[in-house]
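Topology and contacts: notes
Next come the chains, spelled out residue by residue.
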Amino acid sequence: MNVDALIEKYPEVKTMQELKPFFWRNPDYGKKADLSIGIADVFDAEARFHRFAPYFEVAFPETVATHGILESPLIDLPYMKARLNKSFTNEIEGGLYLKADNYLPISGSIKSRGGIYEVLKFAEKVAIQEGGLIYEDNYAVLASKKYHDLFAKYGIAVGSTGNLGLSIGIVAQRLGFRTSVHMSADASQWKKDKLRSFGVNVVEYNDNFTHAITEARKSAAADPMTYFIDDEGSYDLFLGYSVAALRLQAQLKSQGIKVDKDHPLFVYLPAGVGGSPSGVTFGLKKVLGENAHAIFAEPTHIPSVTLGMVTGLNDKISVYDIGIDGTTKADGLAVGRASRIAGKNMRTLLLGTATFKDEDMMKDVVRLYETEKIGLEPSAAAGFTIMDQSLENLSADFPMKNANHIVWATGGSMVPKEDMDRYLEIGREELAK
Ligand SMILES: *Cc1c(COP(=O)(O)O)cnc(C)c1O
């Protein structure tokens, strides 16, 4: 990698090397593009979730209240808005909301969308091909011994920094699959403990995510009966995430939140490998159209998707190539190389990205907790952390007075109290400085 030549062409690379927060406006945003997937694929994924709803009601009783559908609330944040406006240089004028995926059942994170979806898709295929399942069946039957024994012939493997492994591990193991989760060094201990309590085989590496997923891929390739869920390039994961847009559209309508030319919607999504924010953004652009705009948030120490998109190299470059260390307290974002499909699909659909300092993210964990009594894991607060610089960059081009802002809270409700207390302690120390 000739980094000097890269900097010559894209000065932002120098900014990234210097670990300075910045906002990148995507020059290709809104251009025409031919993508290999479309709205029909989003509806196909939504239909699959609905077929599995009776299964979830039986296998995961916590989903009975929502009739087996895994969905999170859209929460108005008036107190957080007031709190942020005290410290921001730019004012949040319209509404501020939290898309509270931290409350999603099973993993307490956005991975209950994509990760679980890919397991369901594989299970359905096996059940149809070898178990006589038909689409018209009541899928509660998949909780029976017959299907459990069928699924037990197969393995599922995944590499993860934590939450993807949690969502896939819990559902795959309960269906009956022999499940292995390969965890990078960033993964929290409680996530590994929880998975082991479900009987999942957790393989730990004292190394980064790229290493963990490479090992997971290798071990799956060695066993013809093991299915590998590829966080670096899976369209099934991507489409599982995209369903969020259909659900959000319904919530916006029922909560009277307009999205049109005079009421643009800005959605702030933290990015690790870029899969979950890209899937959601793809859905948003297909479902809500040109007045919904997505912005990704990444730590200054590990801006993998930003680096890939700025340079156009996407997954062909890693943050280590430009000599930065890739360390962050945001374990969900601790990925040095973007997925193969994130940058490619976001080229014309993503408004931009912004990078932030870990210290500032920890402050936002505290601010949200103190104003709205909602506890997030650090990664999930990142949307707040890039808002001020986003407003700065956008205000000249959009009618911000009636704009609405959604921060996508990607995880946190299952964080043990000791861990949450430690996050708050770190954030309070930062606020006191
Ligand atoms: C996985 C995750 C993300 C980022 O998702 P990617 O698909 O890796 O980009 C953000 N926040 C949390 C809490 C996550 O678990």
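This text follows the structure it describes.
Attention here is on the structure that accompanies the text. (Residues numbered from 1 in each chain as written. Predicted model: local features only at pLDDT ≥ 70, side-chain atom pairs only at ≥ 80, totals over all residues. Heavy atoms only, no water.)

A few points about the site of the ligand
Every one of the 16 residues lining the ligand counts as a neighbour, but Lys111, Gly272, Gly274, Ser276 and Thr410 are closest to it. Contact distances for the ligand include 2.7 Å between an oxygen atom and a backbone N or O atom of Gly272. At 3.2 Å, a backbone N or O of Gly275 approaches an oxygen atom of the ligand. Bound to the protein, the ligand loses 98% of the 380 Å² it would expose on its own. In terms of residues, the shell around the ligand owes the most to one element, helix 12 (residues 275–287), which gives three residues. Partitioned by chemical class, the residues of the shell around the ligand number five nonpolar, nine polar and two charged. (Near = heavy atom within 4 Å. Polar contact = N/O pair within 3.5 Å; in protein donor to acceptor, adjacent residues only side chain to side chain. Areas by Shrake-Rupley, 256 points an atom, 1.4 Å probe, with all protein chains shown as cover. Helix = DSSP H or I, 4+ residues; strand = E, 2+ residues; numbered from the N terminus. Nonpolar A, V, L, I, M, F, W, Y, C, P; charged D, E, K, R; others polar.)

Quick notes on the packing of helix 4 (residues 78–87) against helix 15 (residues 358–372)
Pairs of packed helices are described in terms of their axes, by the angle between the two and the distance that separates them. Their axes nearest at 8 Å, the elements helix 4 and helix 15 cross at an angle of 135°. With respect to their mutual orientation, helix 4 and helix 15 come out oblique. Seen from above, helix 4 lies across helix 15 with right-handed handedness. Residues Pro78, Tyr79, Met80, Arg83, Leu84 and Ser87 of helix 4 touch helix 15, and the partners they reach there are Asp364, Arg367, Leu368, Glu370, Thr371 and Glu372. (Axes fitted to C-alpha atoms, helices over the stretch in contact; angles between N-to-C directions. Parallel < 35°, antiparallel > 145°, perpendicular 65-115°, else oblique. Left-handed = near helix turned anticlockwise from the far one by under 90°. Contact = heavy atoms within 4.5 Å.)

Considerations on the nonpolar core
A general tendency of soluble globular proteins is for nonpolar side chains to be buried together. Core analysis: the biggest nonpolar cluster contains 135 residues, and Phe56, Phe177 and Phe384 have the highest contact counts within it. Among the elements that take part in this core, helix 5 (residues 111–131) stands out by supplying eight residues, more than any other. If you count residues domain by domain, this core takes at least three from each of domain 1 (3–37 + 65–107 + 238–432) and domain 2 (110–231). Discounting chain neighbours no more than four positions away, the residues touching Phe56 are Pro61, Thr63, Gly68, Leu70, Ile106, Ile116, Leu120 and Val171. In terms of nonpolar packing, the next biggest core, distinct from the first, is built from eight residues, Phe209, Ile213, Ala216 and Phe228 among them. (Core = buried A, V, L, I, M, F, W, Y, C linked by side-chain atoms within 4.5 Å. Buried < 20%, exposed > 50% of the residue type's maximum accessible area, 1.4 Å probe, protein only. Domains from an automatic or database assignment.)

Topic: the sheet that holds strand 10 (residues 352–356)
Taken together, the seven strands give an open sheet; going across it, the order is 1-10-9-8-11-3-2, and neighbouring strands pair in mixed fashion. The sheet is open, and its two edges are formed by strand 1 (23–25) and strand 2 (74–76), each paired on a single side. Geometrically, the sheet is characterised by an average inter-axis angle of 25° between neighbouring strands, direction not taken into account. Bridge count for strand 8 (residues 265–270) against strand 11 (residues 404–409) is four bridges, and the pairing is parallel. From the neighbouring strand, Val267 faces strand 11, where its bridge partner is Ile406. This element, helix 11 (residues 244–254), spans strand 2, strand 3 (95–100), strand 8 and strand 11 of the sheet and lies at about 135° to strand 11. Across the sheet, helix 12 is in contact with strand 8, strand 9 (292–299) and strand 11; its angle to strand 9 comes to roughly 170°. (Pairing = 2+ DSSP bridges.)

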